[in-house]
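Chain residues, written in single-letter form:
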Amino acid sequence: MGGLGRVMNPVLGGRPEGVSTLHFAMDDADGVDTRQRLVVVGNGMAGARVVEEVLERGGGDQFAITVFGEEPHGNYNRIMLSHVLAGEEHEDDIVLNSHDWYADNGVQLRAGVRVRRIDTHAKVVHAADGTATSYDQLVLATGSRSFIPPMTGLYRSDDEFLPGVFGFRTIDDTRAMLAAAAEHEKAVVVGGGLLGLEAARALQGHGLQVEVVHAGTHLMNQQLDPDGGAILKQSVESLGIVVHLATRTTEVIGPDRVRGVVLADGRAIDADMLVIAAGIRPVTEVALMSGIEVERGVVVDDQLRTDDPDVYAVGECAQHRGEVYGLVAPVWEQARVLADLLTGTDPDAEYHGSRTATKLKVAGVDVATMGVNRPERDTDEFLVISEPRRGVHLSVVVRDDRLIGATLLGDTRKVAFLTQAFDRGTPLPEERITLLVDLSDGAGSSDGREPGVAELPGDSQVCNCNGVSKQDICDTVASGCTTVGGVMDRTRAGKGCGSCKGLVKQIVEWAADGDVVEDPAESWYVPGIPLAKPALMAAIREQGLLSVSAVFAALAPGGAEDAKSKMGLTSLLRMIWGADHVQENDAKFINDRVHGNIQRDGTFSVVPQIKGGVTTPAQLRRIADVAEKYEVPMVKITGGQRIDLLGVRKEDLPAMWDDLGMPSGYAYGKSFRTVKTCVGTDFCRFGLGDSTQLGIDLETRFQGIESPAKMKLAVVGCPRNCAEAYVKDVGVVAVGNGKWEVYVGGAAGATIRKGDLLATVDSPAAVIELTGRFLQYYRENANWLERTYDFVPRVGLERIKHVLLEDGEGILADLDEGMQRSIDAYTDPWGQDGRQPATPGQFRTALPLVDLPKVPVR
Amino acid sequence: MSVVDQSTTTAHVVGRVDDVPLGEGRAFVAGGVQVAVFRLRDGSLHATQAACPHAGGPLADGQTDADVLVCPLHLFAYRWRDGASTSGAAPVRLFAVHEEDGQLVVDV
Ligand code: SRM
Ligand SMILES: Cc1cc2nc3c(=O)[nH]c(=O)nc-3n(C[C@H](O)[C@H](O)[C@H](O)COP(=O)(O)OP(=O)(O)OC[C@H]3O[C@@H](n4cnc5c(N)ncnc54)[C@H](O)[C@@H]3O)c2cc1C
Ligand code: SF4
Ligand code: FES
């Protein structure tokens, strides 16, 4: 599918040398293997899971297992392909069973080999490579393929799409789309179901303009009712994706490659990619060619047996009691039943169908559905809460006091309880509305009605994507694995769509009964050094490590450098050693190397320091002259009360700084940024304190200080808060009678949080002292990139007060001293590097042939 | 997945080894092609296309370690070994580069 030559692609989960066919001591060439021969056709999620379940039941001694897979790859998590397409996940991370895994478990993997037909009389499998393989028991797990609706001009030859047309089923499809996305601008996605919307969102994330063409009258019509679909459409469109409903693509405009499509109503849409995600069809050719009964899928009974007693079918290719499934949860159940039967663990095991409850994130919107989505009888109760403006649509269908269906769109907080009520028919609250909303004002499960993790039955499925039950998690914890990350690695819980991560964490915590070991890697300061911040700081101090390369050599596993750890370490070393830190330019992010913020076209911005937002005519004149002289494409007043010169060539930076004669405003660093102020007592008729002067003094004292994340402050002259002090990392508010309130941990960026009142003090000097102590405490204790709005609630206001106001840990003198060391180490980087480059070519352009700047000139 | 797959290449002297500080990268033009040359702290030399396959970021301004090069714009990483992106972008093109009498020689 996708028309991409497979041979050129690396094998996913393969061995480095690309070995794909393996032989073992026990295989039949020796003539001593007395085991039965189990052959599995299809190495997808179902086939591989059957093998795993068989091995888990000791089936390795009973069976010599051979798996045929048409794809050359190991087994990978197909449901993660949307994440790979979105660039959120690397393809190597979605491998479930690598070629090595098969080898290690004595399973013969015939990867890249398609099975043609089975001779059920001779019990032999004929493969496309001409081989014949005998079996005693055979499992068909051939899955599905994309359904390709008819349209003219779609194919270049019999079995090859026009270039630019893609299905969305395999890793090779995904790779081909990623490659195409890098080169193209417009995509049309056919299909407004789960897959189509995921593809649309992912492609849009690569900067493509995307339009979705959906034949149904509303999006996700398999799962949602029309009202829910309409709300989802709004959410999807608000992302900038155009949606066409109730129409089809009838023609692909070519001829050499995709140029656009024509809709049923005659409209044409330009496009250079066409992605077809209009549904799936079971792959049944092998069964058909072998004379096995096929309707929509391969027909199986409750023991997953086809009409041939030694041939079974599982997964999306199977049709059981008239149902063909298109989700992974039923695959897990079927694989367990089949393994019980094959190994004789439970000879009476039966599969009775799956009640599919799905919880997904579709194009960034949470969706959970189970059972029916509309009332079916007059006596059915139907409760709907619809908030189109927030993109929320919730409904439940209740019959005879039992939940028979629920649809949650945009808000899935209630999904755990509803899934359980749906699966087990647990009693429902009298007040039906509490099924959908907490009436206890956000108090959540404390109303006693919603079961906590303790009450969840052991066999209830926690991770639908990977079929992991609460019991599986508890067993893993009991076997000694007590980190959340460790349990996730072992059971794969939470490694699918990720929507159950919170629940997994709760269960691990509950099962470990307070013994949860924090995930070590989670607590490391930087990913490349296995130490939490306090231990890392202690080691750096004890061993006198003055440079980033010295830290790697002494503390990283194998002394290995790690690119993504360098910036955090540079910041930490500067804090610890002040002026004694040995600078290494390669350990700095580009912004810190050239003291400007890199722009999308590789140019930089220049933001001179304008303390407290107060400037002078002379400064403004100089800025204006410089902007003209260097043809600065945009001059902008920033949200931080100063002036930004954007789109400056790297090679112009030093001369510009020199002409400006102003220090750097540090608008690029993880460092102290700005102190916004209001006009205060000098001019404002309400001013209660000289906020302007205090802001300037704060900025003068703490300018340029590096920290785990940005530090932005503000001082206002009264509680009218004109410079937004309540929502700053440190915000200072004059309240009259010479008093000042100091707030910490406020935010109004990606997160909005009102700061916590740390103290009310009675002089500007006291404000400066307390600010210094808070900032230093934060610098020493916050995680890399943790802003104060996360740090303050994590540590707790009480603790911070105890340390900073009462000297509860006896460290105030150290804090003062640590801050003073950094203040003494301050030098203006523009003055310094501008004159004497730190390394050769520090300001050489990095893209010599491109005309810069590319950003629009205003 | 093309790596060093040119059948015919020409060697170009693009500058001096000292032009690239230890651990950093610098951009050059080799036979009309923009390349980014890196000198890792272990002394090894690497060369890639100068513009990031993701959105054209200046790779010479990126950060490196023994395994990967990280683009400064959106922090996508590319493996030295084969140019593949570990973040799902298209691979970066690699060029052979070596030192000759203090000169940097890139095969394009
Ligand atoms: C220039 C400016 C926008 C403007 O035109 O006004 C700006 C521009 C950028 N902001 Fe900002 N922010 C600017 C004021 C703000 C403010 C307002 C303020 O400072 O009072 C905020 C909210 C306060 C805060 O920080 O929480 C703000 C919250 C952010 C955030 C969200 C931080 C958060 O954790 O919530 C980011 C992203 C980040 O830091 O990861 C960000 C990141 C950025 C970056 C640096 C994006 C980047 O990483 O490249 C932008 C750089 C553009 C450039 O090339 O120069 N900018 N940004 C403002 C410069 C202020 C200054 O003079 O220093
Ligand atoms: C992009 C995407 C996103 C998805 N997201 C979700 C999700 O969020 N939640 C969810 O529950 N489900 C999701 N699914 C569905 C889920 O992936 C499937 O339900 C699951 O993979 C079915 O497993 P299977 O083994 O039956 O089929 P497959 O995984 O397709 O495996 C079948 C295998 O058999 C091989 N094969 C076929 N014919 C032959 C032959 N003749 N010889 C040898 N080998 C053969 C095929 O090459 C294939 O590798 C998603 C699917 C896709 C494509
Ligand atoms: S809000 Fe800030 S980060 Fe976002 S685009 Fe504007 S300047 Fe850039
Ligand atoms: S441009 Fe390089 S990562 Fe985006």
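Described below are features of the structure shown in this document. Everything numeric here is computed off the predicted structure, so don't read it as measured data.

**Some details on the packing of aromatic side chains**
Residues and elements named next belong to chain A.
- Inspection of every chain in the model, using the stated rule, returns 11 aromatic pairs over all chains.
- With a centroid separation of 5.0 Å and 90° between ring planes, the pair formed by Trp101 and Tyr102 is classed as edge-to-face.
- Here Trp101 falls in the partly exposed class, since its relative accessible area comes to 21%.
- A centroid spacing of 5.0 Å and a plane angle of 90° characterise the contact between Tyr726 and Tyr743, whose relative ring orientation is edge-to-face. Of the two residues, Tyr726 is situated in the loop between β37 (711–716) and β38 (730–736) and Tyr743 in strand β39 (residues 739–744); the sequence distance between them amounts to 17 residues.
- Assessed through its relative accessible area of 7%, Tyr743 is described here as buried.
- An aromatic cluster of three or more residues is present, and its members are Trp657, Trp830 and Phe843.
- In this structure, Arg49 packs its charged tip against the face of Trp332, placed 4.1 Å from the ring centre.
- The aromatic ring of Tyr726 is capped on one face by Lys754, whose charged end is 4.4 Å from the ring centroid.

**Remarks on helix α17 (residues 566–577) of chain A**
Residue and element names in this part refer to chain A.
- Across its 12 residues, α17 extends 16 Å between first and last C-alpha, which sits within 8% of the 16 Å expected from 1.5 Å per residue.
- Of all the 12 residues making up α17, 11 are buried; the element is thus mostly covered by neighbouring parts of the structure.
- The set of residues buried in α17 consists of Lys566, Met567, Gly568, Leu569, Thr570, Ser571, Leu572, Leu573, Met575, Ile576 and Trp577.
- Of the residues one or two after α17, Gly578 is the one with positive phi, at around 55°.

**Quick notes on the site of ligand 2**
Residue and element names in this part refer to chain A.
- In the vicinity of ligand 2 lie 31 residues, with Ala46, Glu71, Arg78, Arg169 and Glu316 positioned nearest.
- Side-chain polar atom of Arg78 to an oxygen atom of ligand 2: 2.8 Å apart, as the coordinates give it.
- Within the backbone of Ala141, one N or O atom sits 3.4 Å away from an oxygen atom of ligand 2.
- About the coverage of ligand 2: the protein hides 94% of its 1,000 Å² of free accessible area.

**Quick word on the side chain of Glu71(A)**
Residue and element names in this part refer to chain A.
- Position of Glu71 relative to the elements: it lies in the loop between β2 (63–69) and β3 (75–76).
- At 2.4 Å, the side chain of Glu71 and the side chain of Tyr76 are in polar contact.
- What Glu71 contacts, discounting residues up to four positions off in sequence, is Tyr76, Arg78, Ala111, Gly112, Thr170 and Ile171.

Each value, and the rule that gives it
Residues numbered from 1 in each chain as written. Chains lettered and ligands numbered in written order. Predicted model: local features only at pLDDT ≥ 70, side-chain atom pairs only at ≥ 80, totals over all residues. Heavy atoms only, no water. Phe/Tyr/Trp six-rings, centres within 6.5 Å; stacked < 30°, edge-to-face > 60°. Buried < 20%, exposed > 50% of the residue type's maximum accessible area, 1.4 Å probe, protein only. Helix = DSSP H or I, 4+ residues; strand = E, 2+ residues; numbered from the N terminus. Lys NZ or Arg CZ within 6 Å of the ring centre and 35° of its normal. Expected span 1.5 Å × (residues − 1). Near = heavy atom within 4 Å. Polar contact = N/O pair within 3.5 Å; in protein donor to acceptor, adjacent residues only side chain to side chain. Areas by Shrake-Rupley, 256 points an atom, 1.4 Å probe, with all protein chains shown as cover. Contact = heavy atoms within 4.5 Å.

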